[in-house]
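# Topology and contacts: notes
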Amino acid sequence: MSGEQRSGARDALDSALVKQGHGGRALVVVPAWNEAEALPAVLVELSAKIPGVDVLVVDDGSTDGTADLVRRSGTASVVSLPFNVGVGGAMRAGFLYAERNGYRAVVQCDADGQHDPADIARLLAELDAGLDVVIGARFAGVGNYQVGGFRRIAMRFLASSLSRITGTRLTDVTSGFRASSARAVAVFAREYPPEYLGDTIESLVVARRAGLSIGQLPVELRERQGGTPSQSSFKSVIYLGRAVLVLGLAVLHSGAGKDDA
Amino acid sequence: MTTTIIGVLAAFAVLVLTVELLRRRALREKYAVIWLVVSLVAVVFTVFPGLLLRVSQRLGFQIPANFVFAIAALVLLVVGMQLSLEVGRLEDRSQRLAEEVGLLRHDIEQLRREHAGSAPTDPAEPPDSLGDGGAGADDGGDAGGSASG
């Protein structure tokens, strides 16, 4: 029964693809929650390094004037959410925006300057090569990104589990630097998981279930230009527990019952 | 005897409260059903304590109170589950609404700008606005200023 639903969704997907064609532009979506410190530099760099791409900042209920800052910059559009919904919800708004405006691809990019905009073109090239979801992976041999003990174990575990689920070798599934094809955008606009870690872990399970092809591209991670990293050993344990729970639920999730209107 | 009277009064009070809340439309019917059933059963058992005794013995409970506690725990479990479900659904809906509100607000701003006749400030058209924007961002100049210039 859910199989029928899925093939129906697949038809809708394919027709959406034909309608939009591949002539559309790519959209960089930057989810931002109180990122007024780092965001201006990121926006300047985005417009300088990838001039042919539109930028959308999804202001996730910021209270520090992030949205106004983007409006003043004039180089990016801004969607301002009335309250904080988390990265997953912010990205879903971004995917909806991309789908409704006929973009051919979406690249998610962090607002803290850790992701080099120059890599965006490389991610998009991978989409053109036929992949639907490309993850900018930090542990794939490029750069010197390091995380401490327990968190690394957690990330290793998640990477190997999701590699098995998706049938592709993935080394960094929690990366927030990823590109989605028009087909992936159509899927994610409808059911991008808004819960904690949904945007990283569960979204890959959703993509896999929708029949999207997934791959990764090694990228170098830079020093963040503002804000504080969220890493402590106690939090890492909690993180692993929640991640395993999210992953388990994502796998168990039937994919049906998303008929909420 | 006094405890019986208190029990009967309490059971009736819950029943009356449920009906009254329903009448004022403060309580939705889908949540009211379970409270109506609970208060009706409570009224019956407090008015006829002998009935409670017989039912609990028939079901194998040694003390009628244990029967009452077991039923109460079960009812609360079901109610808690139902509420968790509803809260989750509401959360999901409010989140989707938040996303729609954000997108609509964006569209309204865009329409307003276009309507005001300063169309070149539309950030969805990067080739022209890139140069202005980069320069404008430093001195904090607004989009309107660069458009008029």
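Here the residue numbers are simple positions, counted from 1 along each chain's written sequence. In the order they appear in the text, chains get letters beginning with A and ligands get numbers beginning with 1. Only residues with pLDDT of at least 70 are given local features in this predicted model, and only at 80 or more are side-chain atom pairs given and counted; all residues enter the totals for whole chains, interfaces and linings.

### Notes on the overall build of chain A
Of the regular secondary structure elements, chain A holds nine helices and seven strands. Each residue is classed by its C-beta neighbour count within 10 Å, where at least 20 other C-beta atoms makes it buried, 12 or fewer makes it exposed, and intermediate counts make it partly exposed; the C-beta atoms are placed from backbone geometry. Per-residue burial over chain A gives 50% buried out of 261 residues. Whether two residues are in contact depends on their C-beta atoms, placed from the backbone: they are in contact if these lie within 7 Å. If you take every contact in chain A between residues at least 6 apart in sequence, the share linking residues at least 24 apart comes to 78%. A run of DSSP states H or I qualifies as a helix once it reaches four residues; a run of E qualifies as a strand once it reaches two. Both are numbered from the N-terminal end.

### Re the overall build of chain B
Scanning chain B from terminus to terminus reveals six helices and zero strands. The buried share among the 149 residues of chain B stands at 14%. Partitioning the contacts of chain B with sequence separation of at least 6, the portion at a separation of at least 24 is 45%.

### Details of the confidence of the model for chain B
Residues and elements named next belong to chain B. The predictor rates its confidence in each residue with pLDDT, a number between 0 and 100. In the predicted model, chain B carries a mean pLDDT of 79, and 78% of its residues have values of at least 70. Highest mean pLDDT in chain B belongs to helix 4 (residues 64–115) (92); lowest belongs to helix 6 (residues 143–148) (38). Within the model, the stretch residues 125–149 combines pLDDT values under 50 with 39 contacts to residues more than four positions away or in other chains. Predicted as a complex, the structure gets a pTM of 0.74 and an ipTM equal to 0.76.

### Things to note about the packing of helix 4 (residues 86–100) of chain A against helix 4 of chain B
Comment: axis = line fitted to C-alpha atoms, over the contacting stretch for helices; angle = value between 0 and 180 degrees taken between N-to-C directions. Running from N to C, helix 4 of chain A and helix 4 of chain B point in directions that differ by 50°, and their axes come no closer than 10 Å. If you check the angle between helix 4 of chain A and helix 4 of chain B, you find them oblique. Remark: the crossing between helix 4 of chain A and helix 4 of chain B carries right-handed chirality. Residues Gly-89, Arg-92, Ala-93, Leu-96 and Tyr-97 of chain A of helix 4 of chain A form the contact with helix 4 of chain B, whose own contacting residues are Gln-95, Ala-98, Glu-99, Gly-102 and Leu-103 of chain B. Each residue belonging to the contact of helix 4 of chain A with helix 4 of chain B can be placed in one class, and the counts come to five nonpolar, three polar and two charged. Oblique is the label for any angle not under 35 degrees, not over 145, and not in the 65 to 115 range, which are roughly parallel, roughly antiparallel and roughly perpendicular in turn. Handedness of a crossing is defined here by the sense of rotation of the near helix relative to the far one, left-handed for an anticlockwise turn of less than a right angle and right-handed for a clockwise turn. Classification convention: Asp, Glu, Lys, Arg as charged; Ala, Val, Leu, Ile, Met, Phe, Trp, Tyr, Cys, Pro as nonpolar; all other residues, Gly among them, as polar.

### Quick look at the sheet that holds strand 6 (residues 178–181) of chain A
Residues and elements named next belong to chain A. Pairing within the open sheet is mixed, and its seven strands lie in the order 3-2-1-4-6-5-7. Where the open sheet ends on each side, the last strands, each with one partner, are strand 3 (77–81) and strand 7 (214–218). Geometrically, the sheet is characterised by an average inter-axis angle of 20° between neighbouring strands, direction not taken into account. At least two bridges found by DSSP between two strands is the condition for calling them paired. Of the strand pairs in this sheet, strand 5 (residues 133–137) and strand 6 are connected by three bridges, and their pairing is antiparallel. Residue pairing in the sheet places Val-134 in a bridge with Ala-179 of strand 6.

### Examining helix 5 (residues 118–128) of chain A
Residue and element names in this part refer to chain A. Within the sequence span of helix 5, burial applies to Asp-119, Ile-120, Leu-123, Leu-124 and Leu-127. One side of helix 5 holds all its buried residues, which, seen down the axis, span an arc of 145°. Contacts from the buried residues of helix 5 go to strand 1 (26–32), strand 4 (105–108), strand 5, strand 6 and strand 7. The directions considered for the arc are those from the helix axis to the C-beta atoms.

### Comments concerning the environment of Ala-26 of chain A
All names here are of chain A. Topologically, Ala-26 is positioned in strand 1. A count of 23 C-beta atoms within 10 Å places Ala-26 in the buried class. Measuring from C-alpha to C-alpha, the distance between Ala-26 and Leu-127 comes to 11 Å, with 101 residues separating the pair along the chain. With sequence-adjacent residues up to four places away left out, Ala-26 is seen in contact with Val-53, Tyr-103, Arg-104, Ala-105, Val-107 and Leu-124.

### Comments concerning unusual backbone geometry
A negative phi holds for most residues other than glycine; trans holds for most peptide bonds. In this structure, Asn-34 of chain A takes a positive phi of about 50° despite not being glycine. Topologically, Asn-34 of chain A is positioned in the loop between strand 1 and helix 2 (39–49). Residue Arg-25 of chain B is not a glycine yet carries a positive backbone phi of 60°. Assignment of secondary structure puts Arg-25 of chain B in the loop between helix 1 (2–23) and helix 2 (29–47). Look at Arg-25 of chain B and you get exposed, because 8 C-beta atoms sit within 10 Å.

### Quick word on helix 8 (residues 198–209) of chain A
Note on helix geometry: an α-helix contains 3.6 residues per turn, so any two residues three or four positions apart are oriented the same way. All names here are of chain A. Here a helix's expected span is defined as the number of its residues, less one, multiplied by 1.5 Å. Helix length check: helix 8, at 12 residues, gives a terminal C-alpha distance of 14 Å against a target of 16 Å (1.5 Å per residue), a shortfall beyond 12%. When you tally the buried positions in helix 8, you get 10 out of 12 residues, the bulk of the element. Among all positions in helix 8, only Gly-198, Asp-199, Thr-200, Ile-201, Glu-202, Ser-203, Leu-204, Val-205, Val-206 and Ala-207 are buried.

### A look at the packing of helix 2 of chain A against helix 3 (residues 66–73) of chain A
For any two helices packed against each other, one specifies the crossing angle of their axes together with the interaxial distance. Residues and elements named next belong to chain A. Between helix 2 and helix 3, the shortest axis-to-axis distance is 10 Å and the interhelical angle comes to 30°. Our classification of the angle between helix 2 and helix 3 gives roughly parallel. The way helix 2 lies across helix 3 gives a crossing that is right-handed. Where helix 2 abuts helix 3, its residues Leu-39, Pro-40 and Leu-43 lie against Thr-66, Leu-69, Val-70 and Ser-73. When grouped by side-chain class, the residues that make up the contact of helix 2 with helix 3 number five nonpolar, two polar and no charged.

### As for the pairing of strand 6 of chain A
Residue and element names in this part refer to chain A. Burial along strand 6 is two-sided: the face carrying Arg-178 and Ser-180 and the face carrying Ala-179 and Ser-181 are both buried. Direction of pairing for strand 4 relative to strand 6: antiparallel, over a ladder of four bridges. Within strand 6, the position partnered with Val-106 by the bridge is Ser-180.

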